[in-house]
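# A look at the structure
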Amino acid sequence: MNILDIIAKKRDNKELSKEEIDFFVKEYVKGNIADYQASALVMAIYINRMSEQEITDLTISMANSGDVLDLSDLGDVIDKHSTGGVGDKITLILMPIIASLGIPVAKMSGRGLGTTGGTIDKLESIPGYRTDLDIESFKKNVKEIGISLIGQTLNLAPADKKLYALRDTINCIDSIPLIASSIMSKKIAAGANKIVIDVTCGNGAFMNNRLKALQLAVCMKRIGDLSGKETKCIVTDMNQPMGRAVGNALEIIEVIEVLKGNQEMTIDEKFTVTELGANMLVLAKKVNTIEEGKKKIIENLKNGKGFEKFVDLVKKQGGDISYLEDTSKFEKAKYIEPIIAEKDGTVRILNANTVGKLACYLGAGRIKKEDAINPRVGFIFEKKVGDKVKKGDILGYIHSDDKEKTEYVKKQKLFNIGYWRLYERSRYSRRYHI
Ligand code: URA
């Protein structure tokens, strides 16, 4: 078997065998296949796609390319994953609530790349919080306090790590077989036995239309079920940033204030938190219906048990909890400039893609993997899609450490204000369960 024949086969739109996929994954991880050869194969997959069998074989092969965790001693562990979005802080609000309801949370999260933020970067804006625990400490924390949230420091699915970085450099990210196998290989290797996935859909997500998002959801559910991991996918809107804050420390402050009950969740946040949470509770057999599950999630948000769990988590992983007690301790950006409405009307668009790119430009995200991020910068939005505004109202704030960048961002069009049409609300409220 050799890589040239495998490339030719996929280039000619033929189906690869399990043995050929295994050969490619193993030899690429070992360094015996060059990046230019792997790029050619990835591009052929991107163009010609893969059959269901090929996607399953690729997923299993990548999952087995490194360590596969055994979390069976922790009980029925349910993992949550998001395909990524702008201002997506759902893990940080939801997982402490889930842990407070007695479901073990053993979660490995990623860093941000491009316009989509990463949970680990956000957590690291809490001084002292350690995201690099070894597997024994990770499991010990779950046993002791019911929750641990760390980065992907372990040798899980190294084939995906290499392939993901390669895909990023050749613009081959938004492919259903490649995204599905990338996500599911990590989930399988991370050891949970049930999985809930938030498949984000919109201009701030990898899947920018509903058909593609649904296809991705169906594909991931099939892989999960075939590999013995009960999987539920929920397609959610990512045409506007999630919640109010975009930017690492700004999002952590929003999480803390929501969990403390000082700030109401926005409509999109509430929908995603309760919908994903209720599905997790149903999978864990803690409740019988989604409605019952949603009530339990809101109950443990309102009674402060979710916040108590978040404090336990931060304390256990070395973070300074005085920042949780008093969020004004988080360092502020040098310039905080309002964004002003230029006319009366209703917010029709708050463009997630533009916001994500500008947040990255301000320093909240990375263009390259090795870039440093600035936790202080980003946006806070006072108005979201569907809100009525008057000329002169404050729509939000730019948080920036650089005067020139602030001026540039001020000139960009993040909002579209106009007449509100009925169909627009349904565009933002339609969701699908797979
Ligand atoms: N998230 C992943 O983990 N992999 C992808 O390919 C896309 C999003």
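Conventions adopted
Residues numbered from 1 in each chain as written. Predicted model: local features only at pLDDT ≥ 70, side-chain atom pairs only at ≥ 80, totals over all residues. Heavy atoms only, no water. Phe/Tyr/Trp six-rings, centres within 6.5 Å; stacked < 30°, edge-to-face > 60°. Helix = DSSP H or I, 4+ residues; strand = E, 2+ residues; numbered from the N terminus. Buried < 20%, exposed > 50% of the residue type's maximum accessible area, 1.4 Å probe, protein only. Domains from an automatic or database assignment. 1 Å grid on protein atoms, 1.4 Å probe; cavity = no way out; pocket = protein on both sides within 12 Å on 5 of 7 lines; lining within 4 Å. Points joined across faces, edges and corners; volume = space filled by probe spheres on them. Nonpolar A, V, L, I, M, F, W, Y, C, P; charged D, E, K, R; others polar. Pairing = 2+ DSSP bridges. Expected span 1.5 Å × (residues − 1). Arc of directions from axis to C-beta. Contact = heavy atoms within 4.5 Å. Polar contact = N/O pair within 3.5 Å; in protein donor to acceptor, adjacent residues only side chain to side chain.

### Here's the deal with the packing of aromatic side chains
Evaluated as defined, the whole model comprises five aromatic pairs. With 5.7 Å between their ring centres and 10° between their planes, Phe 24 and Tyr 28 make a pair best called stacked. One end of the pair is Phe 24 and the other is Tyr 28, both in helix α2 (residues 18-30) and four residues apart, which spans about a single turn. Taking the relative accessible area as the measure of exposure, Tyr 28 reaches 2% and is therefore buried. Both rings, one in Tyr 323 and one in Phe 330, keep their centres 5.1 Å apart while their planes meet at 75°; by these two values the pair is edge-to-face.

### With respect to the domain arrangement of the chain
Each assigned domain of the chain is listed here: domain 1 (3-63), domain 2 (72-324) and domain 3 (333-425). A C-alpha centroid distance of 41 Å is found between domain 1 and domain 3.

### Focus on empty space enclosed by the protein
One pass over the full model with this rule turns up four cavities of 30 Å³ or more. Considered as a void within the structure, the largest cavity measures approximately 140 Å³ in volume. If you go around the largest cavity, you meet 22 residues; those closest to its centre are Thr 115, Thr 116, Gly 117, Ala 364 and Gly 365. At the level of elements, α6 (119-123), α11 (248-260) and α16 (352-362) are the ones that each hand at least two residues to the lining of the largest cavity. Considering each element in turn, the lining of the largest cavity owes the most residues, three residues, to α16. Split by residue class, the lining of the largest cavity holds seven nonpolar, eleven polar and four charged. Viewed by domain, the lining of the largest cavity spans two of them, domain 2 (72-324) and domain 3 (333-425), each represented by three or more residues. The space that makes up the second largest cavity amounts to roughly 50 Å³.

### Notes on the sheet that holds strand β12 (residues 415-418)
Pairing in this open sheet of three strands is antiparallel, and the strands run β10-β8-β12 from one edge to the other. A strand with exactly one partner marks an edge of an open sheet, and here the two such strands are β10 (388-389) and β12.

### Considerations on helix α10 (residues 210-226)
Taking 1.5 Å of rise per residue, 17 residues should cover 24 Å, and α10 covers 24 Å from first to last C-alpha, within 8% of that figure. Of all the residues in α10, the buried ones are Ala 213, Leu 216, Ala 217, Cys 219, Met 220, Ile 223 and Gly 224. Seen end-on, α10 carries its buried residues on one side only, within an arc spanning 165°. Those residues of α10 that are exposed and angled more than 90 degrees off the buried face are Leu 211 and Leu 226. Each element contacted by the buried residues of α10 is listed here: α4 (52-63), α9 (176-189), β4 (194-201) and β5 (230-237). Sitting at the head of α10, Asn 209 places a side-chain oxygen 3.1 Å from the backbone nitrogen of Leu 211. A positive backbone phi angle near 80° is found at Gly 228, which sits one or two residues after α10.

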